[in-house]
Amino acid sequence: MVLENIKYNEVIHKKLKKCEFCGRELIPIGLDYLYANLSTDNIEYERCTCKKAQEYWKEKDKQDYEIAKRKHFREIINKIYKQNYIGRKFQDLNFENFNSNSENELAIAIAKDYVNKNIISAYTSGLIIMGESGVGKTHLAASIANKLIENGKIVLMGRLTTLLDMIKETFKNNTKSENELIELYSNVDMIIIDDLGTEKISNWALEKLYTIIENRNENRLPIIITTRFDKQGLIERFSKCQDEQLVDAIISKLYQMCYGVTLKNIKEKASTSDQTKC
């Protein structure tokens, strides 16, 4: 920059910004000169210490943090998953192409109501979708996921082994960290674990699952599970691992956080726990 081209006709101390709440003059931050041809919009000023200003900046910082966090999560998802949220085979599943009939319309209504609650407010309750193989558990969960994503929510969906394999990859790839993925799974708007209980699971995997569930519970964030097993069935499936206390803690926590809906086959009516804890 040529010094001769700089106009020294505007004095910053003649344009001091004032607090919009109390009117106190605010001092520019980080400027060691008095003159510059700058707009006040491009100058960072000190924050006023009046009560209303402190309340404003507390809320502003909170909003900025959430925006930065969501941007960070989307960058991780794009880097690791190569897609925004769930597998390609799930992306075309929705409520409209769900095999709806008189036997499962109650389950669909519950799922749609659940979506609306998550869109409207920070809904904390999770959902366990139970039923035999082939009744549409994955389709219903994917329909929820896709509707939430349409409304700007960050959602991850996959089988437990798929999600945990990403963590295992961090041991091979130094560009990703285990803690980063745990943070992602613990803080996205929704995580959906599909077909829980059908896969063999190690104590290591149990520990990671417990961490994610406990973190989401503390963060007051929901989780969706699809499974063909009831509560006791899940305990029996996981109890083949050595740490039975950890198994009991995981299943108990899930059933504290979630209410259940059961999909039945064409000959049986869909049922729900009436949105009470399972």
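None of the values given here were measured: they were computed from a predicted structure.

(A) Representation of unusual backbone geometry within the structure. Look at Asp195: it is not a glycine, yet its phi comes out positive at around 60°. Residue position: Asp195 is located in the loop between β5 (190-194) and α6 (203-218). For Asp195, a relative accessible area of 12% corresponds to the buried category. Although it is not a glycine, Arg220 sits at a positive phi angle of roughly 55°. Residue position: Arg220 is located in the loop between α6 and β6 (223-227).

(B) Geometry of the confidence of the model for the protein chain. Per-residue pLDDT for the protein chain has a mean of 81; in total, 79% of the residues score no lower than 70. Here strand β8 (residues 271-277) stands out as the element of the protein chain with the lowest mean pLDDT, 43, in contrast to β6, whose mean of 96 is the highest. Low pLDDT (under 50) marks residues 1-14, which in the prediction has 20 contacts with non-local residues, meaning those over four places away or in another chain. Taken together, the stretch residues 268-278 has pLDDT below 50 and engages in 34 contacts with residues farther than four places along the chain or on a different chain.

(C) Just the nonpolar core, in detail. Counting 38 residues, the largest nonpolar core has Leu184, Tyr185 and Ile223 as its most contacted members. It is helix α8 (residues 244-257) that contributes the most residues to this core, 7 residues altogether. Those residues in contact with Ile223 that lie beyond four places of it in its chain are Tyr114, Gly126, Leu127, Met190, Ile191, Ile193, Ile213, Arg216, Leu254, Met257 and Cys258. Within the second largest apolar cluster, 28 residues are counted, among which are Phe90, Val115, Ile149 and Val261.

(D) Summary view of the pattern of salt bridges. Under the criterion given, the structure shown has 11 salt bridges. A salt bridge links Asp113 to Lys117, with the nearest nitrogen and oxygen atoms 3.2 Å apart. Of this pair, Asp113 and Lys117 are both found in helix α2 (residues 105-120), 4 residues apart, which corresponds to roughly one turn of the helix. A residue is classified by how much of its surface remains accessible, and Lys117, at 24% relative accessible area, is partly exposed.

About the cut-offs
Residues numbered from 1 in each chain as written. Predicted model: local features only at pLDDT ≥ 70, side-chain atom pairs only at ≥ 80, totals over all residues. Heavy atoms only, no water. Helix = DSSP H or I, 4+ residues; strand = E, 2+ residues; numbered from the N terminus. Buried < 20%, exposed > 50% of the residue type's maximum accessible area, 1.4 Å probe, protein only. pLDDT = per-residue confidence, 0-100. Contact = heavy atoms within 4.5 Å. Core = buried A, V, L, I, M, F, W, Y, C linked by side-chain atoms within 4.5 Å. Salt bridge = Lys/Arg side-chain N within 4 Å of Asp/Glu carboxyl O.

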